[in-house]
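Chain by chain, the residues:
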Amino acid sequence: QVQLVESGGGLVQPGGSLRLSCAASGFTFIAYAMSWYRQAPGKERELVAYISVGGTTNYADSMKGRITISRDNAKNTVYLQTNSLKPEDTAMYYCKATHIYTKRDYWGQGTQVTVSS
């Protein structure tokens, strides 16, 4: 049974930090590129960060310089370190796994990040 379980979200003040985690199970983690997306109320889901099987990373311009994506293949987990958070970063954050050849996707259920004073 494939599972992606996000955690680490919460309420944080502007300028604060959160470390989001996404624990994967039920598939061969090392064969999947991993991504973080976010969706704010009334807006489309958008790509935030991407990490390839080999560790190459890409970031959305909106959060570049404030986030770091990483993966621990031994723990089947991908992380998103978020710093200097702004109110406009408030959203549900989702992780996605994409198979490197078939491009099959799996999604998690999301973790809510709220940035507010």
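To start, this report covers the structure provided alongside it.

About the cut-offs
Residues numbered from 1 in each chain as written. Predicted model: local features only at pLDDT ≥ 70, side-chain atom pairs only at ≥ 80, totals over all residues. Heavy atoms only, no water. Phe/Tyr/Trp six-rings, centres within 6.5 Å; stacked < 30°, edge-to-face > 60°. Lys NZ or Arg CZ within 6 Å of the ring centre and 35° of its normal. Buried < 20%, exposed > 50% of the residue type's maximum accessible area, 1.4 Å probe, protein only. Helix = DSSP H or I, 4+ residues; strand = E, 2+ residues; numbered from the N terminus. Pairing = 2+ DSSP bridges. Polar contact = N/O pair within 3.5 Å; in protein donor to acceptor, adjacent residues only side chain to side chain. Contact = heavy atoms within 4.5 Å.

**Things to note about the packing of aromatic side chains**
Under the definition given, this model contains five aromatic pairs. In textbook terms, an aromatic cluster arises when at least three aromatic residues are bridged by ring pairs, as seen for Phe 27, Tyr 32 and Tyr 106. Stacked on the ring of Tyr 79, the Lys or Arg Arg 19 has its end atom at 3.9 Å from the ring centre. Positioned above the aromatic ring of Tyr 94, the side-chain terminus of Arg 45 is 3.8 Å from the ring centre.

**Details of the pairing of strand 8 (residues 77-82)**
Among the six residues of strand 8, five are classified as buried, and the element is accordingly described as predominantly covered. Sheet analysis places strand 3 (residues 18-25) next to strand 8, joined by six bridges and oriented antiparallel. Among the inter-strand pairings, Arg 19 is bridged to a residue of strand 8, identified as Gln 81. Inspection of the sheet shows strand 7 (residues 67-72) paired to strand 8 by six bridges, in the antiparallel sense. The partner of Ser 70 across the bridge, within strand 8, is Tyr 79.

**Structural notes on the side chain of Arg 38**
In this fold, Arg 38 is placed in strand 4 (residues 32-39). A distance of 2.6 Å separates polar atoms of two side chains, one belonging to Arg 38 and the other to Glu 46. Within the structure, Arg 38 has its side chain in polar contact with the side chain of Tyr 93 (distance 3.1 Å). Contacts of Arg 38, omitting those with residues within four sequence positions, involve Glu 44, Arg 45, Glu 46, Val 48, Ser 62, Met 63, Glu 88, Asp 89, Ala 91, Met 92 and Tyr 93.

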